[in-house]
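Spelled out from the first residue to the last, the chains are:
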Amino acid sequence: MNSAGGTLLIPWGTEAGCAHALQVSGLRVDYGPIPALREITFEARCGQSLALMGRNGAGKSTLLKALAGLVPSSGTGGILWRGQPLERNRREIAYLPQREEVDWNFPITVAGLVEMGRYAHLGAWSRFGARDAGVVDRAIEAMELSGLRDRPIRCLSGGQQQRAFIARALAQEAHVLLLDEPFAGLDREAVGILQRLFRQLTSEGRLLLASHHDLGTVCETFSHALLLNVETVACGTAAEVLTDHNVRLAFAA
């Protein structure tokens, strides 16, 4: 829960007992002649946090980028969100890249970065209005960044940078968050804060998918896990999936 004791933003995805689903069936991604992903099939629902696990080169980042529409994909069933092709609801999906892929010297403050999340909702003739400002304020507060809203993003710690990008996703009113190695390089305190905020986000009905490398912290951080080794090895609750047998298959070269 945020410092104000309220919800992060409007909970959604669980009205009338419903849990909206992300359904991936037979997904394939090729980099030229090299298959990066083959026949990936899984389902995840609002209120869940899904860890993508596997060795380097297993396809974790590629899967996130395919879901975000950043790399072309093919397959027998494609990607459905709320029962429709994902392309029809693209603005409901937010992608957060690895921190090393971001130009942290770009001259923008925390507030300016979070405001960018509203661009998807502003048409060619729309102006940033009171509702947009309110959504941005709540997103910044939710990620516990109110005291840093005017700070340049280059001056943030690693954990604060991650939270700023999550705040941008909340300002976008995204319902599915795709995070590439969100815990990489963070100290213990920053990890704990991010874990707590993840739990709050999912408790309010959002779906989180994140590539992750630390087997020892999966169960305390995520409700579910997807083990990859170019193909789907196993998917389900974290406790069920992380058997010795499945881990060996996922991390085999």
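We now turn to the structure provided with this report. Given the structure is predicted, the values throughout are model-derived calculations rather than measurements.

**Here we look at the environment of L64**
Phase 1 of the analysis: One can find L64 in helix α1 (residues 60–67).
Phase 2 of the analysis: In this structure L64 comes out as buried when scored by relative accessible area, which is 0%.
Phase 3 of the analysis: A sequence separation of 189 residues divides L64 from A253, and the C-alpha atoms of the two residues are 21 Å apart.
Phase 4 of the analysis: Once residues within four sequence positions are removed from consideration, L64 is found in contact with L52, Y95, L178, L179, D180, L209 and S211.

**Details of the sheet that holds strand β9 (residues 224–229)**
Phase 1 of the analysis: Taken in spatial order, the six strands of this open sheet run β6-β7-β8-β3-β9-β10, and their pairing is mixed. Here the strands that pair on one side only, and so sit at the sheet edges, are β6 (93–96) and β10 (231–237). Ignoring strand direction, the axes of neighbouring strands in this sheet form an average angle of 15°.
Phase 2 of the analysis: Strand direction decides the pairing type here: β6 and strand β7 (residues 176–179), joined by four bridges, are parallel. Paired with I93 across the two strands is V176, which belongs to β7.
Phase 3 of the analysis: In the packing of helix α4 (residues 158–171) onto the sheet, the strands contacted are β6 and β7, and the crossing angle to β6 comes to about 165°.

**A short note on the nonpolar core**
Phase 1 of the analysis: Counting residues in hydrophobic clusters, the biggest one holds 51 residues, and the most contacted among them are V114, M143, I166, L177, L179, F198 and V218.
Phase 2 of the analysis: Ranked by the residues each element gives to this core, the list is headed by α4, at seven residues.
Phase 3 of the analysis: Excluding residues within four positions of it along the chain, I166 makes contact with L96, M143, L177, L179, L194, F198 and L201.
Phase 4 of the analysis: Listed in part, the 30 residues of the second largest apolar core include A36, L64, L207 and L228.

**Re unusual backbone geometry**
Phase 1 of the analysis: The phi torsion at E144 lies on the positive side, around 55°, for a residue other than glycine.
Phase 2 of the analysis: Residue E144 is classed as partly exposed on the basis of its relative accessible area of 25%.
Phase 3 of the analysis: One non-glycine residue, E181, lies in positive phi territory at about 50°.
Phase 4 of the analysis: In this structure, E181 sits in the loop between β7 and α5 (188–203).

**Quick word on the packing of α4 against α5**
Phase 1 of the analysis: Running from amino to carboxyl end, α4 crosses α5 at an angle of 15°, the nearest separation of the two axes being 10 Å. As summarised for this structure, α4 and α5 are arranged roughly parallel, according to the angle between their axes. Here α4 runs over α5; the crossing is left-handed. Contacts between α4 and α5 involve G159, Q162, R163, I166 and L170 from the former and A190, I193, L194, L197, F198 and L201 from the latter.
Phase 2 of the analysis: For the contact of α4 with α5, the residue count by class is eight nonpolar, two polar and one charged.

**Structural notes on α4**
Phase 1 of the analysis: Helix length check: α4 (14 residues) gives 20 Å between terminal C-alpha atoms against 20 Å at 1.5 Å per residue, within 8%.
Phase 2 of the analysis: Burial analysis of α4 places 13 of its 14 residues in the buried class, which makes it a mostly covered element.
Phase 3 of the analysis: Downstream of α4 by a residue or two, E173 has a phi angle that is positive, lying close to 60°.

**What to know about helix α8 (residues 244–251)**
Phase 1 of the analysis: Burial in α8 covers these residues: N246, V247 and A250. Seen along its axis, α8 keeps its buried residues to an arc of 100°; they face one direction. Seen from the open side of α8, the exposed residues pointing more than 90 degrees away from its buried face are D244 and R248.
Phase 2 of the analysis: Buried residues in α8 make contact with β9, β10 and α7 (238–241).

Reading the values: the criteria
Residues numbered from 1 in each chain as written. Predicted model: local features only at pLDDT ≥ 70, side-chain atom pairs only at ≥ 80, totals over all residues. Heavy atoms only, no water. Helix = DSSP H or I, 4+ residues; strand = E, 2+ residues; numbered from the N terminus. Buried < 20%, exposed > 50% of the residue type's maximum accessible area, 1.4 Å probe, protein only. Contact = heavy atoms within 4.5 Å. Pairing = 2+ DSSP bridges. Axes fitted to C-alpha atoms, helices over the stretch in contact; angles between N-to-C directions. Core = buried A, V, L, I, M, F, W, Y, C linked by side-chain atoms within 4.5 Å. Parallel < 35°, antiparallel > 145°, perpendicular 65-115°, else oblique. Left-handed = near helix turned anticlockwise from the far one by under 90°. Nonpolar A, V, L, I, M, F, W, Y, C, P; charged D, E, K, R; others polar. Expected span 1.5 Å × (residues − 1). Arc of directions from axis to C-beta.

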